[in-house]
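# Fold and contact review
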Amino acid sequence: MRLLEELVGKVRLFYQAFAPRHLWVPVSGGKDSAAVWGLAAEARVPYVAVYVQIPGQSHADNLRAVLETARLLGVEERRVVRVDKTREIRPRLAEALEQCSPPCLLHVVAYTHRGEDFWAAMRRYGYPAPLGRFGKGTRWCCGTFKHRVLQRLPFNGLRAGKPWKIGMDGVKATDSPYRRRRYTCDIITWPSTRDTYLFPLRLLDDNQVWRLLDELGLTAAVRPQYERWGRSPNCMFCPLVSRRDLVEKTVENMTPAARSLLRQRLEELLPRYRPGTFSHRSITKWLEALEAAEATTPTAREPAEAEAPAA
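Because the structure is a prediction, the values reported are computed rather than measured.

## Considering the packing of helix α11 (residues 256-269) against helix α12 (residues 278-294)
Orientation of α11 relative to α12, taken along the N-to-C sense of each, is 145°, at an axis distance of 10 Å. Pair α11 / α12 crosses with left-handed handedness. For the pair α11 and α12, the contacting residues are Arg 259, Leu 262, Arg 263, Leu 266, Glu 267 and Leu 269 in the first and Ile 283, Trp 286, Leu 287, Leu 290, Glu 291, Ala 293 and Glu 294 in the second. Among the residues making up the contact of α11 with α12, the classes are represented as eight nonpolar, no polar and five charged.

Spelled out as structure tokens, the structure:
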């Protein structure tokens, strides 16, 4: 309880310091963002949760976790927005935002600027390796689908007389050496995109986050997907899932249609990469897991992805 009170206090102080119309709270359906979402609700500050669904990637399990979290937190308003053309993202989100009052959920179904889903984009951009078109540490899939949306959220506050975006995020510095170097304080500002974000979970580990979710009453919303997948399937297929058991869980829980699409793309892409490179090793690992899964005859239990609702 002491940790919960401390973190709720941080959220309130952050909101008071910057006084935005509301806080932006990006949510992925995973445990960390659910905890931050719960902190915003517990702090009783106005907020708008933003869920970015990637067509072809985000599994139905993940969308269920988001909607159940919203239900448990009493968020009754949800607006679904389909976006593709980059220049239209901010005005479309602003239009949806005008139709709801915080707390609310913006459910953004994000396609590429050409209107492609994940599978079509994968054919165009290649394997989503950590070293790609968006720079070190950022895969093209994150940049194309998620970052492109989050960087264009409508401005919700002011700093130094300029429109600004102010929010809070569930990133933990304890997750990787890269994040430890990048997230060195709880509040970070990016002047180039005019973002200021609070990272209340920055120094927590996974066990502390699960305990926090217990206190917030949100564990039941997100735990089932971790029990089934070993992780959150906001990105059903992810090249950074490297543990063999998690790769196997992923392909086992994909429907035959999704496995077929993944195999097709990986077999198309494999010749592009030299043996020994990250992409070649990763593709080979996934193909081996697909072969093992296809040796049985699984029955599809639900759609391969969260069905994209009508905007």
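Next, the rest of the story.
## Focus: unusual backbone geometry
Backbone torsion omega between Pro 102 and Pro 103 reads 0°, so that peptide bond is classified as cis. Mapping Pro 103 onto the fold places it in the loop between α4 (89-97) and β4 (104-110). Not every positive phi belongs to a glycine, and Ala 19 is a case in point at roughly 45°. Mapped onto the elements of the fold, Ala 19 is located in the loop between α1 (2-18) and β1 (23-27). You can call Ala 19 exposed: its relative accessible area is 55%. Phi at Arg 44 is positive, roughly 60°, even though this residue is not glycine. Topologically, Arg 44 is positioned in the loop between α2 (31-43) and β2 (47-53).

## Regarding the pattern of salt bridges
Taken as a whole and judged by the stated rule, the model has 21 salt bridges. A salt bridge links Asp 195 to Lys 165; the shortest N-O distance between them is 3.5 Å. You can see Asp 195 sitting in strand β10 (residues 195-198) and its partner Lys 165 sitting in strand β8 (residues 162-168), a full 30 residues away along the chain. Like Lys 165, Asp 195 is buried. Three or more residues are tied together by salt bridges with common partners; here these are Lys 31, Asp 32, Lys 172, Asp 175, Arg 179 and Asp 206.

## Thoughts on helix α9 (residues 219-229)
Buried residues of α9: Thr 219, Ala 221, Val 222, Gln 225, Tyr 226 and Trp 229, and no others. Viewed along the axis of α9, the buried residues span an arc of 160°, placing them on a single side of the element. Of the residues in α9, the exposed ones pointing more than 90 degrees away from the buried face are Ala 220 and Glu 227. Structurally, α9 contributes buried residues whose contacts are with α2, α3 (60-72), α8 (206-216) and α10 (244-253).

How each quantity is defined
For every chain, the first residue of its written sequence is number 1, and the numbers climb from 1 along that sequence. Confidence filtering applies because this is a predicted model: local features only for residues at pLDDT of at least 70, side-chain atom pairs given and counted only at 80 or more, and all residues used for totals across whole chains, interfaces and linings. Excluded from the side-chain calculation are hydrogens and water; included are all heavy atoms of the structure. Lines are fitted to the C-alpha atoms to define the axes, a helix being fitted only along its stretch in contact, and any angle between axes, read from their N-to-C directions, falls within 0 to 180 degrees. Working definition: helices are DSSP H or I runs of at least four residues, strands are E runs of at least two. Numbering for both runs from the N terminus. We call a crossing left-handed when the near helix sits turned anticlockwise from the far one by less than a right angle, and right-handed when that turn is clockwise. Note on contacts: a residue pair is in contact if any heavy atoms of the two residues lie within 4.5 Å. Each residue gets one label: Ala, Val, Leu, Ile, Met, Phe, Trp, Tyr, Cys and Pro are nonpolar, Asp, Glu, Lys and Arg are charged, and the others, such as Gly, are polar. Only protein chains enter the accessibility calculation, which uses a 1.4 Å probe. A residue is then buried if its area is under 20% of the maximum for its type, exposed if over 50%, and partly exposed in between. Salt-bridge detection follows one rule: a side-chain nitrogen of Lys or Arg within 4 Å of a carboxyl oxygen of Asp or Glu. Here the arc refers to the directions that run from the helix axis out to each C-beta atom.

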